[in-house]
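Listed below, chain by chain, are the residues.
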Amino acid sequence: MTGRSDAVVVSGLTKEFGATRALDGISFRVSPGEIFALLGPNGAGKTTAMRILLTLLRPTAGVARVAGFDVTERPSLVRGLVGWVPQERTADPLLTARENLVFMAGLHHLRPKAARARVTELLQFAGLAGHANRLAADLSGGMRRKLELAMGLVHLPAVLFLDEPTLGLDIGARRSLWAYVRDIRAGGTSVLLTTHYLEEADALCDRVAIIDHGLIMACDTPAALKAAHGASSLDDVFLAATGQDMPDQLPADQLVTS
Amino acid sequence: MTVAEAGLAEQLWLEHRALFGRWLARLRRERLAVLALVAQPLVWLLLFGHLFARMAADAAIPGSDYLRYVTAGAVVMTIFNACLEGGVELLFDRESGFLIRMLATPAHRLAIVTSRFAYLAALTGAQSVVILAAAYALGVRFASGLGGAAACLAIGCLFGAGITALSVGLAFSLRSHAQFFPIVTFAGLPLTFASSALVPLNLMPAWLATLARLNPMTYAIDSLQGLIMHGWQPGSLAGTAAVLAGFDACCLGLAALALRRGMR
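Just so you know, these numbers come straight off a predicted model, no measurement behind them.

Scoring rules and cut-offs
- Residues numbered from 1 in each chain as written.
- Chains lettered and ligands numbered in written order.
- Predicted model: local features only at pLDDT ≥ 70, side-chain atom pairs only at ≥ 80, totals over all residues.
- Heavy atoms only, no water.
- Helix = DSSP H or I, 4+ residues; strand = E, 2+ residues; numbered from the N terminus.
- Rg over C-alpha atoms; globule rule 2.2 N^0.38 Å.
- Pairing = 2+ DSSP bridges.
- Axes fitted to C-alpha atoms, helices over the stretch in contact; angles between N-to-C directions.
- Contact = heavy atoms within 4.5 Å.
- Parallel < 35°, antiparallel > 145°, perpendicular 65-115°, else oblique.
- Left-handed = near helix turned anticlockwise from the far one by under 90°.
- Nonpolar A, V, L, I, M, F, W, Y, C, P; charged D, E, K, R; others polar.
- Disulfide = S-S within 2.5 Å.
- Buried area = accessible area lost by both parts, 1.4 Å probe.
- Salt bridge = Lys/Arg side-chain N within 4 Å of Asp/Glu carboxyl O.
- Core = buried A, V, L, I, M, F, W, Y, C linked by side-chain atoms within 4.5 Å.
- Buried < 20%, exposed > 50% of the residue type's maximum accessible area, 1.4 Å probe, protein only.
- Expected span 1.5 Å × (residues − 1).
- Phe/Tyr/Trp six-rings, centres within 6.5 Å; stacked < 30°, edge-to-face > 60°.
- Patch = residues over 30% accessible without salt bridge, like charges linked within 9 Å, V, L, I, M, F, W, Y side chains within 5 Å.
- Areas by Shrake-Rupley, 256 points an atom, 1.4 Å probe, with all protein chains shown as cover.
- Polar contact = N/O pair within 3.5 Å; in protein donor to acceptor, adjacent residues only side chain to side chain.
- pLDDT = per-residue confidence, 0-100.
- Right-handed = clockwise from strand over helix to strand, strands pointing away.

Colleague: Account for the overall build of chain B, with residues named and values stated.
Modeller: Looking only at helices and strands, one finds 12 helices and zero strands in chain B. The order of helices and strands in chain B, counted from the N terminus, is α-α-α-α-α-α-α-α-α-α-α-α. Expected size for 264 residues packed as a compact globule is a radius of gyration near 18 Å; at 20 Å, chain B falls within 12% of this value. C-alpha atoms of chain B, sized along the principal axes, occupy 70 × 40 × 35 Å.

Laid out in structure tokens, this is it:
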């Protein structure tokens, strides 16, 4: 099962920063057309795993493949196959929605004519056709987020990476973005996202990996995880899997650090 | 995509086109900045041209016409200032997360920097044309003609490239733009005064003249002054080109070190 067909394959992935082990040999797969979430507390290793898959960090050990290509052996090829929407607001506020998309198309080496056609199509898809010539700075939070997602889609990537896609959005905008992500998947793109919102993972994702201290604590469908832990929500599964039963109470030894 | 992939040359062209277009679009949206870019060099020329003209009349200014003398300085100072600050946009991109998003695309990393060079060369070239045209309107005549004006732009470009490299290197060495501007401001004015921009070396105190002789800006200015006031001097121009090329190579080396650390 070393599938070239898998969108993402991660096997024994380890990353050390000096003496700190950010990832401790994690393994998971994302199937084509799947929406997969990495869930975990801050510092769990989610961002590190994502940055290795995006060729922005080199792993200390282990293998990471995107659409069948090793990220350390074929980085420039992988960069053409992935789309990434970071947590930060990365649309250029001084460019219009259309200009931001055309810009990304250029960085992905789309020829001007193909770029124009693709951008028009994406503006339609993102519901931004009526706002194409507005500056990104003047878009609402939800619209700007959709633009930033669209910027990750100009080159029809095999896998779209979303880092905390709905952070800071109100519930209406969040729901609307979920529908948008489902539409992206319907177009054949796999989606790997990180999120703090367990409700988001539950509602949106086919499978979820709970990651903590650089290890995968659990990996399954939201329904199966809830059943296995006899829990009614992913929150309870999350707390059980990460050992954070009483998140408000700090262990005594952490209170006396000088 | 079913269409054939773009080859390396076409890839470089497409990504530079996109990056250059972004710099230009950002400039267009900053109306006040555009105004400043045109007005500032003219202020240099008019302010210094008239401020020092009376003093200069009593001193041994070569050619005895200070406005004619300071035209070269105004061009080079303008290029110096624009290029010295020119790297800060990359620092803004680092701070906002825009840079790392670009690094995750198939675009060549160096294109992010070279597009900035191309943009600043175009920008300062346009500014230089404005200054030279204004000087002409005020009665300054070029001993080397229109070809000399073109040579002025080429030397300006050669000088600006090194300064841009330093600025880009600085942008990748600092954590935030709050550190960038004090450093640039601190360095800018003394370097301008320790050059032949405003005062010829033979009118300077000996120690300042020595410093000015080590300043690459002096070489650029002297060549421009030669072209404007005395005509073509191929030997001295070749010498300047060699000095500036060496300066550029050193600056690019420093910038490459900073980039290697900052882009990872």
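Following the structure, the description resumes.
Colleague: I'd love a proper account of the sheet that holds strand 3 (residues 35-39) of chain A, names of residues and values included.
Modeller: Residues and elements named next belong to chain A. If you trace the six strands from one edge of the open sheet to the other, you get 6-7-8-3-9-10, paired in mixed fashion. Looking at strand neighbours, the two that pair on one side only are strand 6 (82-85) and strand 10 (215-220), the edges of this open sheet. Averaged over all neighbouring strand pairs, the angle between strand axes comes to 15°, with direction disregarded. When strand 3 meets strand 8 (residues 190-195), the two strands line up parallel, connected through five bridges. Paired with L38 across the two strands is T194, which belongs to strand 8. Each of strand 3, strand 9 (207-212) and strand 10 touches helix 9 (residues 234-242); the most contacted strand, strand 9, lies at about 35° to it.

Colleague: Give a description of the packing of helix 1 (residues 8-29) of chain B against helix 7 (residues 109-137) of chain B that names residues and reports values.
Modeller: Residue and element names in this part refer to chain B. Between helix 1 and helix 7, the shortest axis-to-axis distance is 9 Å and the interhelical angle comes to 50°. With respect to helix 7, the axis of helix 1 lies oblique. Both helix 1 and helix 7 take part in a crossing whose hand is right-handed. The segment helix 1 lies against helix 7, with E15, H16, L19, F20, W23, L24 and L27 engaging A111, I112, T114, S115, R116, A118, Y119, A122 and L123. In terms of residue class, the contact of helix 1 with helix 7 is built from 11 nonpolar, three polar and two charged.

Colleague: An account of the state of the cysteines is needed here, citing residue identities and associated values.
Modeller: Per the stated rule, a full pass over the model turns up zero disulfides over all chains. C250 of chain B provides the cysteine sulfur closest to C251 of chain B, a residue in no disulfide bond, and the two sulfurs are 6.7 Å apart.

Colleague: Residue-level account of the interface of chain B and chain A, with values.
Modeller: On the chain A side, the residues contacting the 31 residues of chain B number 35 residues. Both faces combined, the contact of chain B with chain A buries some 2900 Å², and carbon together with sulfur accounts for 63% of it. Contact with chain A buries area across many residues of chain B, yet R29, R101 and P106 of chain B alone supply 26% of it, more than any other trio. Connecting chain B to chain A are five salt bridges.

Colleague: Describe the nonpolar core, and please don't skip the residues or the numbers.
Modeller: In terms of nonpolar packing, the biggest core is built from 151 residues, with F28, F161 and L192 of chain A together with F159 of chain B touching the most fellow members. Broken down by element, this core gets its largest block of residues, 13 residues, from helix 4 (residues 66-85) of chain B. If you look at the next biggest cluster of nonpolar residues, it comprises six residues, including A194, L208, A209 and A212 of chain B.

Colleague: Let's hear about helix 1 of chain B: which residues, and what values?
Modeller: End to end, helix 1 of chain B covers 32 Å across 22 residues, agreeing with the expected 32 Å (1.5 Å per residue, within 8%). Looking at helix 1 of chain B, one finds that the buried residues are Q11, L14, E15, A18, L19, R22, W23, A25, R26 and L27 of chain B. Buried-residue contacts for helix 1 of chain B involve helix 3 (97-107) and helix 4 (112-125) of chain A together with helix 2 (31-51), helix 5 (88-96), helix 6 (98-103) and helix 7 of chain B.

Colleague: Could you give an account of the sheet that holds strand 5 (residues 69-70) of chain A, naming the residues involved and the relevant values?
Modeller: All names here are of chain A. Sheet architecture is open: four strands sit in the order 2-1-4-5, paired in antiparallel fashion. If you trace the sheet from one side to the other, it starts and ends with strand 2 (20-30) and strand 5, each paired once. With eight bridges joining them, strand 1 (residues 8-17) and strand 2 adopt antiparallel strand pairing. Bridge pairing in strand 2 links V9 to R29.

Colleague: Quick rundown of the packing of aromatic side chains? Include the residues and the values.
Modeller: Residues and elements named next belong to chain B. Counting across every chain of the model gives eight aromatic pairs over all chains. With a centroid separation of 6.3 Å and an interplanar angle of 75°, the aromatic rings of F20 and Y119 are classed as edge-to-face. One end of the pair, F20, is in helix 1; the other, Y119, is in helix 7, and 99 residues separate them in sequence. You can call Y119 buried: its relative accessible area is 6%.

Colleague: Describe the environment of L224 of chain B, and please don't skip the residues or the numbers.
Modeller: Residue and element names in this part refer to chain B. The residue L224 is located in helix 11 (residues 216-230) in this model. Given a relative accessible area of 0%, L224 falls into the buried group. Separated by 151 residues in the primary sequence, L224 and G73 place their C-alpha atoms 8.2 Å from one another. If we ignore the near neighbours within four places in the chain, the residues touching L224 are A72, V75, V76, C152 and I155.

Colleague: Can you tell me about a nonpolar patch on the surface, naming the residues and giving the values?
Modeller: A contiguous nonpolar patch, built from V43, L47 and L51 of chain B and spanning about 280 Å² of accessible area, is present on the exposed surface. Secondary-structure assignment places L51 of chain B in helix 2.

Colleague: I'd like a rundown of the environment of T166 of chain A, residues and numbers included.
Modeller: Residue and element names in this part refer to chain A. Its place among the elements puts T166 in the loop between strand 7 (159-163) and helix 6 (171-186). Sequence-wise, T166 and R207 are 41 residues apart; in three dimensions their C-alpha atoms are separated by 18 Å. Setting aside chain neighbours within four positions, we find T166 in contact with R174, L177, W178, Y197 and E200. In terms of polar contacts, T166 uses its side chain to reach the side chain of E200, at 2.3 Å.

Colleague: Give me the lowdown on the confidence of the model for chain B, citing residues and values where you can.
Modeller: Residue and element names in this part refer to chain B. Mean pLDDT over chain B works out to 89, with 94% of the residues at or above the 70 mark. Mean pLDDT across the elements of chain B ranges from a minimum in helix 3 (residues 53-58), with 68, to a maximum in helix 1, with 96. Reported for the predicted complex are a pTM of 0.87 and an ipTM of 0.86.

Colleague: Please set out the pairing of strand 8 of chain A residue by residue, giving values where relevant.
Modeller: Residues and elements named next belong to chain A. For strand 8, the tally of buried residues reaches six of six residues, placing the bulk of the element in the interior. Bridge count between strand 7 and strand 8: five bridges; the pairing is parallel. Within strand 8, the residue paired with L160 across the bridge is V191. Following the backbone out of strand 7, through helix 6 and into the adjacent parallel strand 8, one traces a crossover that is right-handed.

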